[in-house]
Amino acid sequence: MDKITDLAASALNALYGVDMNNPAIQLQKTKREFEGNLTLVVFPFLKDSRKTPEATAAEVGEYLVKNSSLVSSFNVVKGFLNLSVAETSWIEQLNAIARDEKFGFNEVTEDSPLVMIEYSSPNTNKPLHLGHVRNNLLGYSLSQILKAAGNRVVKTNIVNDRGIHICKSMLAWMKWGDGVTPEKAGKKGDHLIGDFYVLFDKKFKEEVALLEKLGKTKEEAEAASSLMNEAREMLRRWEAGDEDVHSVWRMMNSWVYAGFDETYKRLGVDFDKIYYESETYLEGKEKVLEGVDKGVMYRRPDGSVWADLTGDGLDEKLLLRADGTSVYMTQDIGTAKLRFCDYRIDKMIYVVGNEQNYHFQVLSILLDKLGFSWGRGLVHFSYGMVELPEGKMKSREGTVVDADDLMAEMISAARETSAELGKLDGCSSEEAEAISTMIGLGALKYFILKVDPRKNMTFNPKESIDFNGNTGPFIQYTHARICSVLRKAAESGIYIPLQAQEDTEISDKEVIMIQRLGEFRNVLKEAAATYSPALIANYVYDLVKEFNQFYHDFSILHEADEKKRALRLLLSANVAKVISNGMGLLGIAVPERM
RNA sequence: GGCCCCGUAGUUUAGUGAAUAGAACGUCAGAUUCCGGUUCUGAAGGUCAUGGGUUUGAAUCCCGUCGGGGUCACCA
């Protein structure tokens, strides 16, 4: 296809003197209802040809047929030049795909660009919820895609392990926890800590209500709350390095991390390097003071430090409080500094929700001003909220969907559906469990990754687990079916070739399948360039649908013509391979039987 | 109010300059079952929120309007 694009360029150049690098020279797939495989739109070149669209297209078509054996024939519809590609080149293309186990994937070398991608970024005072699930899936998939496109990738996680919210959980545990541990409670550590966070909030509200009854306003009551003051005092002691506070803090955080690790493992995501805010939050200060010296930032009379971004069309932004302590932005600058010391980053991607668009706009400008080479080009991979059919999740109303619960529910829903359909008959209980897990998580992941990340989305568990339509299970099922066909063939002693014969006759349907397979390389490239897992998901689904139509028209196992049967088996095997490669980029497992 | 994002069949959505806007779920009518209640074909359903503009060509780019969300903290 790239070759033919070059041919078209040289044709246009030879005939009309069009610049070879003119971006309008693009071939697209011919629409199904027209004859041909590739289409060139000639409208943009009429200025140069000084002829009608039809005449121009015909002239280019004739030139291509005459000068290249790749183009066998052409037809013209208005300004659209539809080219047919020679039969032998389709077989060649299929054989090239068959030879290449990781078809479409680029090699990563020492010299490949280094991309760091930050995702997940949990707080240590509560377990992960549905919003984190979208974040984690997008971050992980993106890192897989970028790696496949030929980048060195460092997956990183910044854990927010300090601050008033952790102190609230700690205080509640010390006051009412009675020495409970995750083991004693039989509960994951992150859930246990989350419960104490909720308990704090409850007790705090009770106290405020009591004070309000005694005649205080809401604001006065909140300020006078002894609980909240104790929490603040604990934060002060933590910052002062108080060993009693730190030992409780370390212990409780270790419980949370054990819980997170379990969740991450189940979700199938991981990290190469984890940063902790407790270790980075002081780092930004130095960099900011450096900025003051350089004149990038300035100090106000009260001692606070600000950056004036009105020149960039934004506001002024606080970076250090009058008492010299850091704010969120300062910490991000500090983390950036540490990261750049650890890795020679070419590009930095932050996977963070769209409520922080403004923050990252500012961060990009500040990092640039402070001299980070990747600051201006940093990518805020911004995604929308996840809602449920019942409506928005609100932590105050307890309608937050917990990540662990959600995964468990998806898996048991998959188990039920599979059992109903009789798919688990004859499986051992371990097999049944493994399959249910693959399907349940595949449904969840696919449903979330197939939609445009920028958009808010509604996650519908019931719809996602469907075995039909644009769902993970449907794609997994198709893969399993192809594997099953290949197994059957092998059992019957039918030879599955590694290459198709050059002289095998090839039908339109087969051409379409090969063309579709061949697109994977470009889709991957584009997905990496636009940071779009959804592109991969929709490609794989289209491939699956196309395959089902193809498969339906033939009796693969009972084909009399040996060469033809070989071609179809080879084609099927490669469809399975590309499905598996594509789904792998989304972090979704494809079972060989289900 | 300023700034940012979104608005496409009943629903979930694809398509960011090209041919008659493409699917899926649901609905209706058929076919197939060769490997499994999972397959296929067809129908109905869209003034792409809306009004202008640019272009040979606009869901897509520009301007306005309406609707939804976010953000504008010495929170993270």
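Residues numbered from 1 in each chain as written. Chains lettered and ligands numbered in written order. Predicted model: local features only at pLDDT ≥ 70, side-chain atom pairs only at ≥ 80, totals over all residues. Heavy atoms only, no water.

**As for the packing of aromatic side chains**
In step 1: The final tally for this structure, using the stated rule, is 19 aromatic pairs.
In step 2: Pairing Phe260 with Tyr264 gives two aromatic rings, centres 6.3 Å apart and planes at 50°, and the pair type is tilted. Placement of both Phe260 and Tyr264 in helix 11 (residues 243-267) is noted, with a separation of four residues, approximately one turn of the helix. The two residues Phe260 and Tyr264 agree in class, both being buried.
In step 3: Seen in terms of ring centroids, Phe474 and Tyr541 are 6.2 Å apart; in terms of plane orientation they differ by 65°. Their pairing is edge-to-face. A residue pair is termed long-range when its members are at least 10 positions apart, and Phe474 in helix 19 (residues 472-491) and Tyr541 in helix 21 (residues 533-553) qualify at 67 residues. In this structure, Phe474 and Tyr541 share a single accessibility class: buried. (Phe/Tyr/Trp six-rings, centres within 6.5 Å; stacked < 30°, edge-to-face > 60°. Helix = DSSP H or I, 4+ residues; strand = E, 2+ residues; numbered from the N terminus. Buried < 20%, exposed > 50% of the residue type's maximum accessible area, 1.4 Å probe, protein only.)

**Digging into the nonpolar core**
In step 1: Counting 147 residues, the largest nonpolar core has Leu130, Ile349, Phe459, Ile536, Ile579 and Met583 as the members making the most contacts within it.
In step 2: Core analysis: the next-biggest nonpolar cluster, separate from the first, contains 31 residues, Val288, Met348, Phe360 and Leu370 among them. (Core = buried A, V, L, I, M, F, W, Y, C linked by side-chain atoms within 4.5 Å.)

**Some points on the pattern of salt bridges**
In step 1: Tallied over the full model, the rule gives 27 salt bridges.
In step 2: Between Arg339 and Glu118 there is a salt bridge, with its nearest N and O atoms 2.8 Å apart. One end of the pair, Arg339, is in helix 14 (residues 328-342); the other, Glu118, is in strand 5 (residues 114-118), and 221 residues separate them in sequence.
In step 3: Look at Arg339 and you get buried, because its relative accessible area is 1%.
In step 4: Judged by its relative accessible area of 4%, Glu118 is buried.
In step 5: Among the charged side chains, a salt-bridge network with shared partners connects Lys29, Arg32, Arg516, Glu519 and Glu546. (Salt bridge = Lys/Arg side-chain N within 4 Å of Asp/Glu carboxyl O.)

**Concerning the packing of helix 5 (residues 130-148) against helix 20 (residues 508-530)**
In step 1: Contact geometry of helix 5 with helix 20 gives a least axis separation of 9 Å together with a crossing angle of 120°. What the angle tells us is that helix 5 and helix 20 run oblique. For the pair helix 5 and helix 20, the sense of crossing is left-handed. Listed contacts from helix 20 to Ile145, Leu146 and Ala148 of helix 5 are Leu524, Ala527 and Ala528.
In step 2: For the contact of helix 5 with helix 20, a count of residues per class yields six nonpolar, no polar and no charged. (Axes fitted to C-alpha atoms, helices over the stretch in contact; angles between N-to-C directions. Parallel < 35°, antiparallel > 145°, perpendicular 65-115°, else oblique. Left-handed = near helix turned anticlockwise from the far one by under 90°. Contact = heavy atoms within 4.5 Å. Nonpolar A, V, L, I, M, F, W, Y, C, P; charged D, E, K, R; others polar.)

**Overview of helix 22 (residues 562-585)**
In step 1: Here helix 22 is 24 residues long and its end C-alpha atoms lie 35 Å apart, about the 34 Å a rise of 1.5 Å per residue gives.
In step 2: Counting buried residues along helix 22, 19 of its 24 residues qualify, which places the element largely inside the surrounding structure.
In step 3: In this structure Asp561 caps helix 22, since a side-chain oxygen of it lies 3.0 Å from the backbone nitrogen of Lys563. (Expected span 1.5 Å × (residues − 1). Polar contact = N/O pair within 3.5 Å; in protein donor to acceptor, adjacent residues only side chain to side chain.)

**So, the protein's contact with RNA strand B**
In step 1: Around RNA strand B, the surrounding shell holds 52 residues, and the nearest of these are Lys423, Asn468, Arg481, Val485 and Met594.
In step 2: Residue Asn160 places a side-chain N or O atom 2.7 Å away from a sugar or linking oxygen belonging to RNA strand B.
In step 3: Contact distances for RNA strand B include 2.8 Å between a phosphate oxygen and a side-chain N or O atom of Arg321.
In step 4: Within the residue set of the surface near RNA strand B, elements represented by two or more residues are strand 2 (38-41), strand 4 (80-85), helix 14, helix 19 and helix 21.
In step 5: Sorting elements by how many residues they give to the surface near RNA strand B places helix 21 first, with eight residues.
In step 6: In terms of residue class, the surface near RNA strand B is built from 19 nonpolar, 18 polar and 15 charged. (Near = heavy atom within 4 Å.)

**Describing the sheet that holds strand 8 (residues 298-299)**
The pairing of strands in a sheet comes from backbone hydrogen bonds and takes either a parallel or an antiparallel form.
In step 1: Taken in spatial order, the three strands line up as 8-9-10 in an open sheet, and their pairing is antiparallel. If you trace the sheet from one side to the other, it starts and ends with strand 8 and strand 10 (316-320), each paired once.
In step 2: Taken strand by strand, helix 13 (residues 283-294) contacts strand 8, strand 9 (305-308) and strand 10, and its axis lies near 125° from that of strand 10. (Pairing = 2+ DSSP bridges.)

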